[in-house]
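Chain by chain, the residues:
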Amino acid sequence: MFDLVIFDCDGVLIDSEIISARMLIAELSRLGVDIDLDYVARNFLGRSYPTVMAQIRREFDLDLPADFEDLYRERLLDGFRRDLKVMPGVTEVLSGLATPWCVATSSSPRRAEMSLSLTGLRDAVGPRLFTASQVAQGKPAPDLFLFAAAEMQADPARTLVIEDSLTGVRAALAAGMQVWRFTGGSHFSGRTTTDTPDEDPFDARPHRRFDRFADFFNSGSDLARHP
């Protein structure tokens, strides 16, 4: 069924979104902006840093300090060095997947490189890493996924995307791809509201949902698997 699998990085391959969310909440709190994990999940999950910052400025009428971005990024990377982990079961899936695959992320190239290195995935990914810096528009536009498919010489209609965010689901659907939503990251735990299939917006309904990579191959789909 599929000629290519595209994995999102943050919240899919690596359990990073909870670290990023808590760091952003803490940094904005210093400036008098009070948001919680639910707000971050609804508004920022899957979006690039410039998009997030633009919304904060617009919604809270806040002029961020000139050094806010640099300080936030450095503190975030320090948090990654301490706490970042690969998502359980990911290593086994990547080593067992015979279908060609790649990674497409909204993260900056520096953050993506560091995250994959810290979790031991960098060598496995190799040159098959694509970031929003390579396209005109980030998610939910389809540009990044279409770019990745083109670079991997795959037909979008025969491409599967693994995403955790509604923003990413929208981007994959807009690209004409199949999309499975992974909901096993720590950022889905302990929230006061949890997305369910019935609550998914009409324009962001994945073809499948799963919360454990141990179940990745148990889908009935023709995903090529190494014997």
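Computed from a predicted structure; not experimentally measured. (Residues numbered from 1 in each chain as written. Predicted model: local features only at pLDDT ≥ 70, side-chain atom pairs only at ≥ 80, totals over all residues. Heavy atoms only, no water.)

Focus on the overall build of the protein chain
Each helix and strand counted, the protein chain has nine helices and six strands in total. In summary, the protein chain has a C-alpha radius of gyration of 17 Å against a globular reference of 17 Å for 227 residues, a match within 12%. Along the three orthogonal principal directions, the C-alpha set of the protein chain runs to about 55 × 35 × 35 Å. For the protein chain, buried positions account for 52% of its 227 residues. Residue pairs at least 24 apart in sequence account for 72% of intrachain contacts in the protein chain once pairs closer than 6 positions are excluded. Across the protein chain, the centroid of the 25 positively charged side chains sits 2 Å from that of the 34 negatively charged ones. (Helix = DSSP H or I, 4+ residues; strand = E, 2+ residues; numbered from the N terminus. Rg over C-alpha atoms; globule rule 2.2 N^0.38 Å. Buried < 20%, exposed > 50% of the residue type's maximum accessible area, 1.4 Å probe, protein only. Contact = heavy atoms within 4.5 Å. Lys, Arg positive; Asp, Glu negative; His and termini not counted. Charge placed at Lys NZ, Arg CZ, Asp CG, Glu CD.)

Observations regarding the packing of helix α4 (residues 68–83) against helix α6 (residues 109–118)
α6 packs onto α4 with a crossing angle of 15° between their chain directions and a minimal axis gap of 10 Å. On the basis of the axis angle, α4 is roughly parallel to α6. Between α4 and α6 the crossing geometry is right-handed. Contacts between α4 and α6 involve E74, L76, L77, F80 and R81 from the former and R110, R111, M114, S115 and L118 from the latter. Looking at the contact of α4 with α6 residue by residue, the class counts come to five nonpolar, one polar and four charged. (Axes fitted to C-alpha atoms, helices over the stretch in contact; angles between N-to-C directions. Parallel < 35°, antiparallel > 145°, perpendicular 65-115°, else oblique. Left-handed = near helix turned anticlockwise from the far one by under 90°. Nonpolar A, V, L, I, M, F, W, Y, C, P; charged D, E, K, R; others polar.)

Remarks on the sheet that holds strand β2 (residues 101–105)
Sheet architecture is open: six strands sit in the order β3-β2-β1-β4-β5-β6, paired in parallel fashion. Each of the sheet's edge strands pairs with one partner strand only, and the pair in question is β3 (129–131) and β6 (208–210). Each strand axis lies, on average, 25° off the axis of its neighbour in the sheet, ignoring direction. As paired elements, strand β4 (residues 159–163) and strand β5 (residues 178–182) share four bridges and run parallel to each other. (Pairing = 2+ DSSP bridges.)

Some thoughts on the layout of surface pockets
Within this model, the largest pocket holds a volume of roughly 660 Å³. Surrounding the largest pocket, 37 residues form its lining, R47, S48, Y49, S107 and R111 being those nearest its centre. (1 Å grid on protein atoms, 1.4 Å probe; cavity = no way out; pocket = protein on both sides within 12 Å on 5 of 7 lines; lining within 4 Å. Points joined across faces, edges and corners; volume = space filled by probe spheres on them.)

Comments concerning the nonpolar core
F7, L13, I56, I162, F213, F216 and L223 are the most contacted members of the largest nonpolar core, which totals 53 residues. Sort the elements by how many residues they give to this core and helix α1 (residues 17–29) lands first, with seven residues. Among residues more than four places away in sequence, those in contact with I56 are L24, L28, F44, D61, L62 and L64. Formed by 20 residues, the second largest nonpolar core is a distinct cluster that contains L4, A148, M177 and V179. (Core = buried A, V, L, I, M, F, W, Y, C linked by side-chain atoms within 4.5 Å.)

Purely geometric numbers; function is a separate question.
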